[in-house]
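Each chain, written out:
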Amino acid sequence: MTTPKLECVLSVHSKARVGESVEVLFKLTNRSDAPVWVLKWQTPLEGIMGTVFQVTRDGEEVPYQGPMVKRAAPSADSYMAIAPGATVENTVEVTQAWDFKKPGTYRITFRDALMDVATRKEDVPRPGGDYKSTPVTCAPVDVTVAAR
Amino acid sequence: MSKSLRGFKWLMGTVVGVSLLSGCGAPPAEGESTPAEATEQAQGALSARVSGPKASMAASERVTVEVTLTNTSSAPVSLYKWDAPGEGLNEGRLSVSRDGQAVEYTGAHFKRVLGRSEDLITLAPGQSISGPVVVSDAYDLSVTGTYSIRYELEQREGVTALSSNEVSLFIEGRRNSREDAEAMRQVTAQSLSYSGACTSSEQSAIATAFSSAQTYSNNAYSYLNGTPSATTRYTTWFGTYSSTNWSTIKTHFNSIKNAFASAAVVVDCSCNESGTYAYVYPGSPYKIYVCGAFWSAPNTGTDSRAGTLVHEMSHFTVVAGTDDWAYGQSAAKNLAKSNASRARDNADSHEYFAENTPSLP
C-alpha cells in the first residue's frame, strides 16, 4: 500500500480589521489515482472542534480557546471520501477560537498530519482504532489585522 | 456533512445578559387574563416584542412567553437559529427580574458551532418570526412575585443589539431543579457541582466518577513520585524515558491531583452527543462538559468515566495544558513510539497512564 498523496491548501483574506470575522478556507485534494477516506477529526472539515490550527500573532503563540473534545470511536460519517483528483473543502471562522482582537500579523498553520487516512472502504471506520496517521503539509497563511 | 456533529454546539453567551430592570409592573388583578403586552421597540435592524399569555401564573403552570422578531430594515438580516424564538431557543436570550432584582439563569448552556450557514435564519425586510420561549425551566422562579421579562440580543456580526419591551407577570413561586442541585452539592464532594440540568442519577454517577478520578490521579502521582526509570507503564504511554521527561509527567499529575483535590469543578450535562465523551474549553477551568459516550462508559477502566475526567482535567491550561494528538489506546501507543514529546502533551496518554488497564509495572 502506498501512502496516498494529499495536497492541502489554506487560504484567507490577507487583511482584516479588529472585530471582523476571519474565515479560513481549508482544501484537501487527492492527488493519487485511487479514492481515499479522510478522518475529519482535528481538521477544519468538521469545523473547529480542537486545535486544528496553530495561530501566532507577530510570532507569538495565541492560545486556543475553543473546545477540546474526547471522542468515542469514529463512525463512517466521521470520514470524508475524496475521489481521485477531487477536492474537499470547508471554511471556518477562527476568531471565536483564537483571540484576534489585537492588531498584528497572524499566522495560521494547520497541524502537520491527518489523524487517519484509509485507502480501502472496508477500513472505514478503522477497525480497532488502528489509525494511519498521514503527514500533510499546508503552507501557513498570514492575515494582517488592523485597528478599527 | 457530518450528521453526528449536528447536535454538538459551541458555547456562546455563557452568561445570559441579566440586567437590573426596574420592577415597574404593578401586581395584576386576580384572574386577569388580558395578554400583558407593550409596544415594540425598534433598535437597529431587528425589533423584538415579548408577550405573556396571561398576567398571573400559578406554581403548577409552565411559564412561557411569546417572542416575535421583525426585520424592520430594508435589507435581509441573518441570525443564528438558536437566537431566534421558537423551537430550539432553550437558552433564553431573556432578561428576567423580580421586584427589581435580577433573576438567575439556571438552565442549560449550549455549545455552538459557529459560522455554519445551515445554522442561520434569514429574515427578509419586513418579515417576522415568532415562537414560545420557556421561562420556568430556565430561570429561578422559586420566589413568588412580579417578574419582568425582556428579550435581549447582544450585538454580533450583522445584527445590532436589541432589547424588547418588558412584560410583567405575577408568578407563584415553585421548586426548581437548581435547588435539587444545591442540595446534592452538599452531600457530595465539596469541590464538585453541576450545571446543564444533570439529573439526580447523573449527579450521583458523576460524583462516583469524580471520586475514582481523584484516586486515579493520586495513584498516578504516587507512582511517578517513586524512583524514575524506563518502566513499562511509563514508556508504553509516554515513549522515550529520560528523567526530565518523567519529571514533566510527574508535574502534570501533581497539578491534576491537586485540581481534583481542591478546585471548584463544575460538571455540565447539557451535551448529549453520542460520539463524544466530554469536552472542555482549556482556558475555562474547571468546567467539564460530559456527553453521550460518557454515560455508556464504565466508571473505571479503559475510556471510563473516571479516566475521561482525568483526560479533561489535563486539558486546562492552568493544570497540564495537554492537547489531543491521538485518540484511543492503539493510537496513543503508536504516538508514544513515533513522537514522545507529543505523547507527553496528549490527553488520552495521561488518561491511559492513570487508568493503567491492563495494569503495567
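Residues numbered from 1 in each chain as written. Chains lettered and ligands numbered in written order. Predicted model: local features only at pLDDT ≥ 70, side-chain atom pairs only at ≥ 80, totals over all residues. Heavy atoms only, no water.

With an unreviewed UniProt entry as reference, chain B is termed Peptidase M35, source organism Corallococcus aberystwythensis.

For chain A, an unreviewed UniProt entry supplies the name Protease and the organism Corallococcus aberystwythensis.

J.: In this structure, what is going on with the environment of Asp345 of chain B? I would like to understand it.
T.: All names here are of chain B. Mapped onto the elements, Asp345 comes out in the loop between helix H8 (340-343) and helix H9 (347-355). Asp345 sits in the partly exposed class, given a relative accessible area of 23%. Separated by 93 residues in sequence, Asp345 and His252 place their C-alpha atoms 9.7 Å apart. Look past the residues within four positions of Asp345 in its chain and what remains in contact with it is Gly321, Thr322, Asp323 and Trp325. (Helix = DSSP H or I, 4+ residues; strand = E, 2+ residues; numbered from the N terminus. Buried < 20%, exposed > 50% of the residue type's maximum accessible area, 1.4 Å probe, protein only. Contact = heavy atoms within 4.5 Å.)

J.: Can you help me understand the interface of chain A and chain B in this one?
T.: Accessible area lost on assembly of the parts is the figure often given for the size of an interface. The interface of chain A with chain B comprises 31 residues on the first partner and 37 residues on the second. Of the roughly 2700 Å² buried between chain A and chain B, counting both surfaces, carbon and sulfur atoms make up 58%. When residues of chain A are sorted by the area they lose upon contact with chain B, Met49, Met68 and Lys70 of chain A head the list and together hold 29% of the total. On inspection of chain A and its partner chain B, the count reaches five salt bridges. A salt bridge links Asp348 of chain B to Lys70 of chain A; its shortest N-O distance comes to 3.0 Å. Linking chain A to chain B there are 14 residue pairs in polar contact (both at pLDDT 80 or more). For the side of chain A that touches chain B, the element with the highest residue contribution is strand E7 (residues 68-71) of chain A, accounting for four residues. Classifying every residue of the side of chain A that touches chain B by side-chain character gives 13 nonpolar, ten polar and eight charged. (Buried area = accessible area lost by both parts, 1.4 Å probe. Salt bridge = Lys/Arg side-chain N within 4 Å of Asp/Glu carboxyl O. Polar contact = N/O pair within 3.5 Å; in protein donor to acceptor, adjacent residues only side chain to side chain. Nonpolar A, V, L, I, M, F, W, Y, C, P; charged D, E, K, R; others polar.)

J.: Sorry if this is basic, but what is going on with the nonpolar core here?
T.: What tends to happen in soluble globular proteins is that the nonpolar side chains get buried as a cluster. Ranked by size, the top nonpolar core spans 83 residues in total, and within it Leu28, Phe53, Val94, Trp98 and Phe100 of chain A together with Phe253 of chain B carry the most contacts. Counting 30 residues, the second-largest nonpolar core is a separate cluster that includes Val65, Val103, Leu123 and Ala138 of chain B. (Core = buried A, V, L, I, M, F, W, Y, C linked by side-chain atoms within 4.5 Å.)

J.: Mind showing me how you'd approach the state of the cysteines here?
T.: Put plainly, two cysteines are in a disulfide when a covalent bond ties their sulfur atoms together. All names here are of chain B. Inspection of the entire model under this criterion finds three disulfides over all chains. Between the sulfur of Cys271 and that of Cys291 lies a disulfide, 2.2 Å long from S to S. On the sign convention where negative is left-handed, the bridge of Cys271 and Cys291, at about 110° about the S-S bond, is right-handed. Linking Cys271 in the loop between strand E14 (265-268) and strand E15 (276-280) with Cys291 in the loop between strand E16 (287-290) and helix H5 (292-296), this pair joins segments that are 20 residues apart in sequence. Its relative accessible area of 4% is what places Cys271 among the buried residues. Owing to a relative accessible area of 0%, Cys291 belongs among the buried residues under this scheme. (Disulfide = S-S within 2.5 Å.)

J.: Is there a simple way to think about H9 of chain B in this case?
T.: For an α-helix, the turn length of 3.6 residues means that residues three or four places apart are oriented alike. All names here are of chain B. Within H9, nine of the nine residues are buried, leaving the element largely enclosed by the surrounding structure. Those residues of H9 that fall on the buried side of the exposure criterion are Ala347, Asp348, Ser349, His350, Glu351, Tyr352, Phe353, Ala354 and Glu355. Just downstream of H9 lies Asn356, where phi reads positive at about 50°.

J.: Looking at this model, I keep getting lost on the pairing of E15 of chain B. Mind explaining?
T.: A regular strand places its side chains so that they alternate between the two faces of the sheet. Taken across its five residues, E15 of chain B has five buried, putting it largely inside the fold. Here four bridges tie E7 of chain A to E15 of chain B, and the two strands are oriented antiparallel to one another. When the sheet's bridge partners are listed, Arg71 of chain A is paired in E15 of chain B with Thr276 of chain B. In the sheet, E15 of chain B pairs with E16 of chain B via two bridges, with the strands oriented antiparallel. If you follow Tyr279 of chain B over to E16 of chain B, its bridge partner there is Tyr289 of chain B. Hairpin geometry of E15 of chain B and E16 of chain B is characterised by an intervening segment of six residues between the two adjacent antiparallel strands. (Pairing = 2+ DSSP bridges.)

J.: Whenever I open this one, helix H4 (residues 243-262) of chain B confuses me. Can you help?
T.: All names here are of chain B. The terminal C-alpha atoms of H4 lie 28 Å apart, and with 20 residues this matches the ideal 28 Å at 1.5 Å per residue to within 8%. Listed in full, the buried residues belonging to H4 are Asn245, Trp246, Ile249, His252, Phe253, Ile256, Lys257, Ala259 and Phe260. One face of H4 carries all of its buried residues, which in axial projection span an arc of 160°. Structural note: H4 exposes Thr244, Ala261 and Ser262 on the side pointing more than 90 degrees away from its buried face. Those residues of H4 that are buried lie in contact with helix H2 (200-224), helix H3 (232-238), E14, helix H6 (305-315) and H9. (Expected span 1.5 Å × (residues − 1). Arc of directions from axis to C-beta.)

J.: Which parts of the structure should I look at to understand the sheet that holds strand E9 (residues 87-93) of chain A?
T.: By way of backbone hydrogen bonds, the strands of a sheet pair with one another, either parallel or antiparallel. Residue and element names in this part refer to chain A. Here we have three strands laid out as an open sheet, ordered E1-E3-E9, and antiparallel in their pairing. Taken across any chain shown, the strands that pair with only one partner, and hence form the sheet edges, are strand E1 (6-12) and E9. Recorded for the sheet is a direction-independent mean angle of 15° between the axes of neighbouring strands. Of the pairings in the sheet, the one linking strand E3 (residues 23-30) to E9 comprises seven bridges and is antiparallel in character. The residue of E9 that forms the bridge with Lys27 is Glu89. (Axes fitted to C-alpha atoms, helices over the stretch in contact; angles between N-to-C directions.)

J.: What is the right way to look at the sheet that holds strand E6 (residues 60-61) of chain A in this model?
T.: Residues and elements named next belong to chain A. If you trace the five strands from one edge of the open sheet to the other, you get E2-E14-E10-E5-E6, paired in mixed fashion. Unpaired on one side and paired on the other, strand E2 (15-17) and E6 mark the two borders of the sheet. Sheet topology places strand E10 (residues 104-110) next to strand E14 (residues 141-146); five bridges connect them, and they run antiparallel. What sits directly across from Ile108, in E14, is Val141.

J.: What is the right way to read the packing of aromatic side chains from this model?
T.: For any pair of aromatic rings, the description rests on two quantities: the centre-to-centre distance and the angle between the ring planes. All names here are of chain B. Using the criterion set out here, one finds 21 aromatic pairs over all chains in the structure. Taking 5.4 Å as the distance between ring centres and 45° as the angle between the ring planes, the aromatic pair formed by Phe238 and Phe353 counts as tilted. Of this pair, Phe238 sits in helix H3 while Phe353 is found in helix H9, placing the two residues 115 residues apart along the sequence. As far as the burial class goes, Phe238 and Phe353 line up, both buried. Taken together, the ring pairs connect Tyr223, Tyr234, Phe238, Tyr241, Trp246, Phe253 and Phe353 into an aromatic cluster. Of note, Arg233 hangs over the ring of Phe353, and the distance from its end group to the ring centre comes to 4.4 Å. Cation over ring: Lys257 sits above Tyr221, and NZ or CZ is 4.7 Å from the ring centre. (Phe/Tyr/Trp six-rings, centres within 6.5 Å; stacked < 30°, edge-to-face > 60°. Lys NZ or Arg CZ within 6 Å of the ring centre and 35° of its normal.)

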